[in-house]
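# Topology and contacts: notes
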There are 2 protein chains.
Amino acid sequence: MSFEAFPLGQPAFSTHIIDRAAHLRLDEGKLAELAAAPSSRAIVICRDGLVVSFEGTAARALLSIDEAVQCGANPGMVFLGLRDEAALFAMGMSRDAADALAVSDHFVVADLRGLATRGALAVADLSAIAIAKSMVNWHQRHGYCANCGGRSHMKEGGWKRVCPACKAEHFPRTDPVVIMLVTSGDNCLLGRQKQFPVGMYSCLAGFVEAAETFEDAVRREILEEAGIRCGAVSYYQTQPWPYPSSLMIGCTAEALNQDIVVDGLELEHARWFSRDEVAAMLARQHPDGLTLPHPFAIAHHLVRRWIEDKAGAK
Amino acid sequence: MSFEAFPLGQPAFSTHIIDRAAHLRLDEGKLAELAAAPSSRAIVICRDGLVVSFEGTAARALLSIDEAVQCGANPGMVFLGLRDEAALFAMGMSRDAADALAVSDHFVVADLRGLATRGALAVADLSAIAIAKSMVNWHQRHGYCANCGGRSHMKEGGWKRVCPACKAEHFPRTDPVVIMLVTSGDNCLLGRQKQFPVGMYSCLAGFVEAAETFEDAVRREILEEAGIRCGAVSYYQTQPWPYPSSLMIGCTAEALNQDIVVDGLELEHARWFSRDEVAAMLARQHPDGLTLPHPFAIAHHLVRRWIEDKAGAK
């Protein structure tokens, strides 16, 4: 398998396609009209999976509203926006309904990541699928008011929940996560977590905490996980990561020391890798079979850019 | 009043001082020991205010634990971390307790922003105060499980809430917000919201939405609020903004058109400003009395950098 099968020069979910048309969220009449329009489409999410129809090896994720209802999607619809003048909605699905689909000839609930990494989904649909997954996962875990415990209700096309008892308003979460390639001259720091595939190493990462800048979050995480202090931190790009609502903030950072002390909690191992070794991993020709994340993930692009920038500079 | 009274060359809350010492959050025995240590300090938050003791014009925000309890702080303590080996905690306070402090000779509940902008708080304390405010505000609005409606409980030194009924875990929110200086050659776009002080203009801003990159959020917000399409977007820096849990992501963006169409919802007015005009606003010498945000806010620094970079390039 070659990484090049993945069709994006960008990490997944980071290519903007949809017009969110936020002004329509307040227009209940227009939303009802769009929900009934034959041109409208729904993305149906069940936890980490989505409902698709296979046409050969290609998976179609944009269902007609009728198809979504026939599949057993829940009635609540999140308005995602417009694409080519057609409205896109997200709908959730219970596990029971997903199980019932096992006997369907037309639709299956498939793992999003698996579909995306093998190129089965249309690239143009990935950003809408990411919004759909974030939003549906949020509604599924936020049916009650965190302020008073009462049942809350969807409003504004699903972009807000309101508590009728205490009047509190609740908005979807977006959880910033820093992910960083730490370098020290011609070496970079990569680590692995226990649950990674055998031989895979990646960039270190961690949630940004309350009242913390990205730069401080990068330095804190690297120090906590690997005992490395960092100086300059540079931002690269962000990748929406709907598991369930993270936003990966890709950075590079310069190490100030070399002696790694792995915490054993987040990481099971970390070490310095030379450019030649990383280039071999990118080419899937590392002598020990070590690998890097798939181009689906921003970690791949952080590493690839580091290799290619230097190659370009020679 | 001169802006220079503000003691930071950085926006408020963005200077890292505290060691969060996250490994101690799991050590209940150690946290209990620290909570009883005479060297430990508490920051007491009541909504947008904090409890301080004035010594002349200087406001002391770090209270002893005994002082915090005497002031009527709630018993729940969030472990913020270590500074100079002393533990810092955050504590909340009810409105009733805050009202009762009105007769205190020693302590007052004062508005955080007012204290910070007039330089009454020690700069070294601002980042810990921001963490304290974010965390206390989060606990105050998240006493119930959003998943099942049951009462949730603080765990891990306040960095997590757990629901005993459904076992769901809840973590503090950090809400990314993009704030951007849009430029078109030697002009920049500034706007004003209805609630701004008379004559004040600032950078445009808005929440990053579910599954959205920063760059797309910048372009979407500028288009929605002002009808301007943007091309290249560059990241500048982040500022924690604990109202209650925002993280301001400062960017610059290049406009592709000049014809502003204000939405009338977020903004009441927006227009292009020349470098000379902005320089006069920074110097508080604008002929019409127009002003910019205080250096407390990242907007000030985005504008100042644009002026100073050009001055440096001449």
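Predicted model only: the values in this text are computed from it and were never measured.

## Remarks on the relation of the copies chain B and chain A
- Superposing chain B onto chain A takes a rotation of 180 degrees plus a shift of 0.0 Å along the axis, which leaves an RMSD of 0.0 Å. A rotation of that kind, with that shift, is consistent with a two-fold axis. Looking at the rotation axis and the C-alpha trace of chain B, the residue lying nearest is B:G149, at 2.1 Å.
- Interface overlap between copies is the fraction of interface residues in one copy that are interface residues in the other; for chain B against chain A it reaches 100%, indicating a shared surface.

## A word on unusual backbone geometry
All names here are of chain A.
- The omega angle of the peptide bond from Y243 to P244 is -10 degrees, so this bond is cis rather than trans.
- In this structure, P244 sits in the loop between strand 14 (230-241) and strand 15 (246-255).
- Positive phi is not limited to glycine here, since K167 has a value of about 70 degrees.
- For K167, the position within the fold is in the loop between strand 9 (160-162) and strand 10 (169-170).
- Classification of K167 as exposed rests on a relative accessible area of 62%.
- The phi dihedral of R284 falls on the positive side, at around 55 degrees, and the residue is not glycine.
- With respect to the helices and strands, R284 occurs in the loop between helix 7 (275-282) and helix 8 (298-313).
- When its relative accessible area of 40% is taken as the criterion, R284 is described as partly exposed.

## Focus: the packing of aromatic side chains
- Tallied over the entire structure, the rule returns 16 aromatic pairs over all chains.
- Between the aromatic rings of A:F214 and B:F214, the centroid separation amounts to 5.7 Å while the plane-to-plane angle is 5 degrees, which identifies the pairing as stacked. Taken together, the residues A:F214 in helix 6 (residues 214-226) and B:F214 in helix 6 (residues 214-226) connect one chain to another.
- On the basis of relative accessible area, A:F214 is assigned to the buried category, the value being 1%.
- Three or more aromatic residues link up through ring pairs in this structure, and these residues are A:F13, A:W241, A:Y243 and A:F296.
- One residue, A:R271, lies across the ring of A:F273, its end atom 3.9 Å from the ring centre.

## Some words on the environment of B:P242
- Position of B:P242 relative to the elements: it lies in the loop between strand 14 (230-241) and strand 15 (246-255).
- Spatially, the C-alpha atoms of B:P242 and B:L282 are 25 Å apart, while their sequence positions differ by 40 residues.

## With respect to the sheet that holds strand 10 of chain A
Residues and elements named next belong to chain A.
- Pairing is antiparallel across the open sheet formed by three strands, whose spatial order is 8-9-10. What marks the edges here is a single partner per strand, and that holds for strand 8 (153-155) and strand 10.
- Here three bridges tie strand 8 to strand 9, and the two strands are oriented antiparallel to one another. Its bridge partner lying in strand 9, H153 is registered against V162.

## Focus on the confidence of the model for chain A
Residues and elements named next belong to chain A.
- Here chain A shows a mean pLDDT of 94. Residues at 70 or above account for 96%.
- When the criterion is pLDDT under 50, residues 1-5 qualifies, and its contacts beyond four places in sequence or with other chains add up to eleven contacts.
- With pTM at 0.95, the complex prediction returns an ipTM value of 0.95.

## Considerations on the nonpolar core
- Counting 54 residues, the largest nonpolar core has B:I43, B:L50, B:L80, B:L121, B:L190 and B:V278 as its most contacted members.
- It is helix 5 (residues 126-141) of chain B that contributes the most residues to this core, eight residues altogether.
- Among all residues touching B:L80, those that are not within four sequence positions of it are B:I18, B:D19, B:R20, B:I43, B:L88, B:F89, B:A90, B:A128, B:I131 and B:A132.
- Formed by 53 residues, the second largest nonpolar core is a distinct cluster that contains A:A59, A:A61, A:L80 and A:W306.

## Some remarks on the sheet that holds strand 9 (residues 160-162) of chain B
- One open sheet accounts for three strands, arranged 8-9-10 (chain B); its pairing is antiparallel. Whereas interior strands pair on both sides, the edge strands pair on one side only; in this sheet they are strand 8 (153-155) and strand 10 (169-170) of chain B.

## Quick word on the interface of chain B and chain A
- Taken together, the 44 residues of chain B in the interface contact 44 residues of chain A.
- Between chain B and chain A lies a buried interface of about 3700 Å² when both sides are counted; carbon and sulfur atoms form 54% of it.
- For the chain B face of the interface with chain A, the top three residues by lost area are B:R141, B:R173 and B:A211, together amounting to 16%.
- Seen at the junction of chain B and chain A, the total is six salt bridges.

What counts, and where the lines are drawn
Residues numbered from 1 in each chain as written. Chains lettered and ligands numbered in written order. Predicted model: local features only at pLDDT ≥ 70, side-chain atom pairs only at ≥ 80, totals over all residues. Heavy atoms only, no water. Least-squares fit on C-alpha atoms with pLDDT ≥ 70 in both. Contact = heavy atoms within 4.5 Å. Helix = DSSP H or I, 4+ residues; strand = E, 2+ residues; numbered from the N terminus. Buried < 20%, exposed > 50% of the residue type's maximum accessible area, 1.4 Å probe, protein only. Phe/Tyr/Trp six-rings, centres within 6.5 Å; stacked < 30°, edge-to-face > 60°. Lys NZ or Arg CZ within 6 Å of the ring centre and 35° of its normal. Pairing = 2+ DSSP bridges. pLDDT = per-residue confidence, 0-100. Core = buried A, V, L, I, M, F, W, Y, C linked by side-chain atoms within 4.5 Å. Buried area = accessible area lost by both parts, 1.4 Å probe. Salt bridge = Lys/Arg side-chain N within 4 Å of Asp/Glu carboxyl O.

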